[in-house]
Amino acid sequence: MTDITHVYFMPGMAANPSIFKHIRLPKDRYRQHLLSWFVPKKGTTLSEYAEEMAQQVEHGNCVLVGVSFGGLLVQEMEPFVKPKKVIVVSSVKHESELPKRMLFAKYTKVHKLLPTGLVNNVELLAKYAFGETVPKRLALYEEYLSIRDKYYIDWSIDQIVNWKHKSPIDNLVHIHGEKDAVFPIANISECIRVKNGTHTMIIHRAKWFNDHLPTIISE
């Protein structure tokens, strides 16, 4: 009998797990589990949040897959979960990979001035979360971006611009789109490049992931 690998998927900022609805791994080898954001208590660090999220992971020797801000979170979860592999998609693995505008925000605190009170404006939220202006896809993003809590959005943006990952993870794989507008690939080192992939490629390029993820997980 083939061993079953449990794969846990963490969506990006403000997104719900429906972004993974077209990701299908072979059922004879994998079980897919979806993690969801919750609103953090006041003053929670990303590491503390990761420890709390790790309690939802019920299987040892699993694989964590995180998209965008979810990619930062699964890296923070790694010490608590001890997975056999961590896969980050459309994300960063070190603060040096953050774009200059985010580093600028870190030092000037300009991100504190973002109009996040307008979180019910899906178009604006999509611009923050996905790096896209989306008038044509508004209904789609209404479905995917369901977390509209102002404190959560403010906290998330603050965690991203101030992120410092202490030590790189040995068993980490980074998948990145060549046309990512949120985390430009020019800043990214050592990754599997997806031609024409954007920041939302987990949604729009699901076939690529279905074709390649089983090999990436098992290697």
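Predicted model only: the values in this text are computed from it and were never measured. (Residues numbered from 1 in each chain as written. Predicted model: local features only at pLDDT ≥ 70, side-chain atom pairs only at ≥ 80, totals over all residues. Heavy atoms only, no water.)

Caption draft 1: Main features of the nonpolar core. Counting 64 residues, the largest nonpolar core has Phe69, Leu73, Met77, Ile87, Ile175 and Phe209 as its most contacted members. With residues up to four places along the chain from it excluded, the contact list for phenylalanine 69 reads Gly12, Met13, Trp37, Leu46, Tyr152, Trp155, Ser156, Gln159 and Ile160. (Core = buried A, V, L, I, M, F, W, Y, C linked by side-chain atoms within 4.5 Å. Buried < 20%, exposed > 50% of the residue type's maximum accessible area, 1.4 Å probe, protein only. Contact = heavy atoms within 4.5 Å.)

Caption draft 2: A look at the sheet that holds strand β1 (residues 5-10). What the 6 strands build is an open sheet, ordered β2-β1-β3-β4-β5-β6; its pairing is parallel. Among the strands making up the open sheet, the edge pair consists of β2 (30-34) and β6 (192-194). Taken over all neighbouring pairs, the strand axes of this sheet differ in orientation by 20° on average, direction set aside. Bridge count between β1 and strand β3 (residues 63-67): 4 bridges; the pairing is parallel. Paired with valine 7 across the bridge in β3 is valine 63. Along the sheet, helix α2 (residues 69-81) contacts β1, β3, β4 (85-89) and β5 (172-177); its crossing angle with β3, the most-contacted strand, is approximately 155°. Taken strand by strand, helix α8 (residues 206-218) contacts β1, β2, β3, β4, β5 and β6, and its axis lies near 150° from that of β4. (Pairing = 2+ DSSP bridges. Helix = DSSP H or I, 4+ residues; strand = E, 2+ residues; numbered from the N terminus. Axes fitted to C-alpha atoms, helices over the stretch in contact; angles between N-to-C directions.)

Caption draft 3: A look at the side chain of lysine 85. For lysine 85, the location among the structural elements is in strand β4. Of the side chains with opposite charge, glutamate 219 comes closest to the buried, unpaired lysine 85, at an N-O distance of 5.6 Å. Among the polar contacts made by the side chain of lysine 85, one reaches the main-chain carbonyl oxygen of isoleucine 217 at a distance of 3.4 Å. Within polar-contact distance, the side chain of lysine 85 engages the backbone oxygen of glutamate 219 at 2.7 Å. Not counting chain neighbours up to four residues away, the residues in contact with lysine 85 comprise Cys62, Val63, Leu64, Asn171, Val173, Ile216, Ile217 and Glu219. (Lys, Arg positive; Asp, Glu negative; His and termini not counted. Salt bridge = Lys/Arg side-chain N within 4 Å of Asp/Glu carboxyl O. Polar contact = N/O pair within 3.5 Å; in protein donor to acceptor, adjacent residues only side chain to side chain.)

Caption draft 4: Focus on the packing of aromatic side chains. Overall, the coordinates contain 8 aromatic pairs when judged by the stated rule. Ring centres 4.2 Å apart and planes at 15° place the aromatic pair phenylalanine 38 and tyrosine 49 in the stacked group. Pair noted here: phenylalanine 38 is in the loop between β2 and α1 (46-54) and tyrosine 49 is in helix α1, with a separation of 11 residues, a long-range link. Here the aromatic residues Trp37, Phe38, Tyr49, Phe69, Tyr152 and Trp155 are joined through ring pairs into a cluster of three or more. When the ring centre of tyrosine 151 is taken as reference, the NZ or CZ atom of lysine 42 above it lies at 4.3 Å. (Phe/Tyr/Trp six-rings, centres within 6.5 Å; stacked < 30°, edge-to-face > 60°. Lys NZ or Arg CZ within 6 Å of the ring centre and 35° of its normal.)

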